[in-house]
Amino acid sequence: MKQNHLPVNLNLNVRGLETSATLRINEISNRLVSEGKRVYKFGLGQSPFPVPETVVEALRQNAHQKDYLPVKGLYKLRQAVADFNFRHQGIVTDPEDVLIGPGSKELIFLLQLVYYGDLLIPTPSWVSYSPQARIIGRHVDWIPASPDNNWRMSPELLDMECRDDPDRPRIVILNYPSNPTGNTYPVERLKLLAQVARKYKVILISDEIYGMIHHNGQHVSIARYYPEGTIISSGLSKWCGAGGWRLGTFSFPPNLRWLLNAMATAASETFTSTSAPIQYAAITAFEGNPEIDQYLSDSRRILKAIARYMKEILENAHVSVPHPDGGFYLFPDFNHYREKLKQKGILTSREMCSVILGETGVAMLPGSDFGLSSGTLVSRIAYVDFNGAEALHAAAGEWAGKKLNGAFIQAYCPRIAEGTRVLIDWLKEL
């Protein structure tokens, strides 16, 4: 019997989009592992650390919570987030100005949906900002950055982008410590960016999902300098190791409550509310306790040590790496090897990462996934392929009070050490 096929009528904004680059590289890596191949999973930026036990216990204790919660989120959790903002940044937030969602990624998408404005992001930026705007049908303006300014957004270039049409509604997303570079912003740069944002009355999303894992615990929110227009985006995925729990937070200034309400209305017609047991458990995470403080301190020590270890080895092999201030990313530039890569038929960052994965098992993302031109031979490394529980135990035990060095990395992060060596060996053989 002949089967009639239904026509493919996809929304034009979705047609041609690929799966998110970070999720795609993780699926490819897992497939290669299942085929018995050795893979160094430097692709997906997932925290290697376990969720703190007190937070896990809170989830156990609230597994019975089954009721739909308010669209905006459990009030006690919103209060905990407000207190968290004040405790860490001195920012006063009314619990009524906090919105809880199933991941900050979803909240960023929802904001772009309900607010009618262009999206402005620096080059490079996290892989999902621009595709989200495309899905919704928003215009994206990339503000060019370069290694000369550590890939940070320039206040001058932001001003130049806005001045020709000063009243045009715009959303600016500032993510720091940055995915993909690991860089953060000096206070003086934040103040200058805040001045530009205020001048053009932009909505500024300060994506601070990595703020709590600034390697020196010195993250500063731009909301201190542009409080009336900044929405602080955070969640549990990076600093609390709970990416799969899918809980994100938006903290608004009071004069943007109309925007929060619009997002809540859209949420009521889409995801309804965030998982009840996870919201209850998240209260413990945001309220904090000595165990979480120790967890964060040791997490930062470990990540800082790995970043320092990998950066030194890469730079000794003529691979330039911007200084990482936080998170768990490096953004190495392989331009020194351009001619040798060309002889191997490699002209783009995507080709480079594909060949390296095939020949070494080192999985990285190409710079082109973050908005750079395809010929810029840059990749992003997520240095997360290690047993976070074992590393935390060692850092708090036999390595307590000691500087974590190469010996620590080789003992407790062996895949990091081996993957770095394999990558360098490959470069030397070009």
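Description of the structure in this document.

## Comments concerning the pattern of salt bridges
Using the criterion set out here, one finds 20 salt bridges in the structure. Between aspartate 67 and lysine 66 there is a salt bridge; the shortest N-O distance is 3.5 Å. Each member of the pair, aspartate 67 as well as lysine 66, is classed as exposed. Residue glutamate 228 pairs with arginine 198 through a salt bridge whose shortest N-O separation is 2.7 Å. Here glutamate 228 is found in the loop between strand 6 (203-207) and strand 7 (230-235), whereas its partner arginine 198 is found in helix 7 (residues 187-200), with 30 residues between them in sequence. A relative accessible area of 30% means that glutamate 228 is categorised as partly exposed. The structure contains a network of salt bridges with shared partners spanning Arg31, Glu35 and Lys37.

## Considering unusual backbone geometry
Outside of glycine, negative phi angles account for most residues, and trans bonds account for most peptide bonds. Each neighbour pair has its own omega, and for threonine 123 with proline 124 the value is 10°, a cis peptide bond. In this structure, proline 124 sits in the loop between strand 3 (118-123) and helix 5 (129-136). Not every positive phi belongs to a glycine, and lysine 201 is a case in point at roughly 55°. A positive phi angle, near 70°, is found at histidine 318, a position not held by glycine. Within the element layout of this structure, histidine 318 appears in the loop between helix 10 (290-316) and strand 9 (329-330).

## Describing the packing of aromatic side chains
Considering all chains together, one arrives at 16 aromatic pairs under this definition. For the ring pair tryptophan 151 and phenylalanine 331, a centre distance of 5.6 Å and an interplane angle of 85° mean the geometry is edge-to-face. One end of the pair, tryptophan 151, is in the loop between strand 4 (140-144) and helix 6 (155-163); the other, phenylalanine 331, is in the loop between strand 9 and helix 11 (338-343), with 180 residues separating them in the sequence. Accessibility expressed as a relative area gives 9% for tryptophan 151, which makes it buried. Residue classification places phenylalanine 331 among the buried residues on the basis of a relative accessible area of 1%. Aromatic side chains phenylalanine 250 and phenylalanine 252 sit 5.9 Å apart centroid to centroid with 65° between the ring planes, which places their arrangement in the edge-to-face category. Neither phenylalanine 250 nor phenylalanine 252 differs from the other in exposure class; each is buried. Linked through ring pairs, Phe49, Tyr295 and Phe386 together constitute an aromatic cluster. Seen from the ring of tryptophan 399, lysine 402 lies directly overhead, with NZ or CZ sitting 5.8 Å from the centre.

Quick notes on the rules
In this convention, every chain numbers its residues from 1, walking through the sequence in written order. Since the coordinates come from a predicted model, pLDDT governs what is reported: local features require at least 70, and pairs of side-chain atoms require 80 or more to be given and counted, while whole-chain, interface and lining totals use all residues. Hydrogens and water are ignored here; the side-chain numbers use all heavy atoms of the structure. The rule for a salt bridge is simple: a side-chain nitrogen of Lys or Arg has to be within 4 Å of a carboxyl oxygen of Asp or Glu. Note on classification: 1.4 Å probe, protein chains only; a residue is buried when its accessible area is under 20% of the maximum for its type, exposed when over 50%, partly exposed between these limits. Only DSSP runs of H or I with at least four residues qualify as helices, and only runs of E with at least two residues qualify as strands; both kinds are numbered from the N terminus onward. Between rings of Phe, Tyr and Trp, where Trp is taken as its six-membered ring, a pair exists when centres lie within 6.5 Å; planes separated by under 30 degrees are stacked, by over 60 edge-to-face, and by other angles tilted. In this scheme, Lys NZ or Arg CZ marks a charge over a ring once it lies within 6 Å of the ring centre and within 35 degrees of the ring normal.

The values reported here are purely geometric and, on their own, carry no functional implication.
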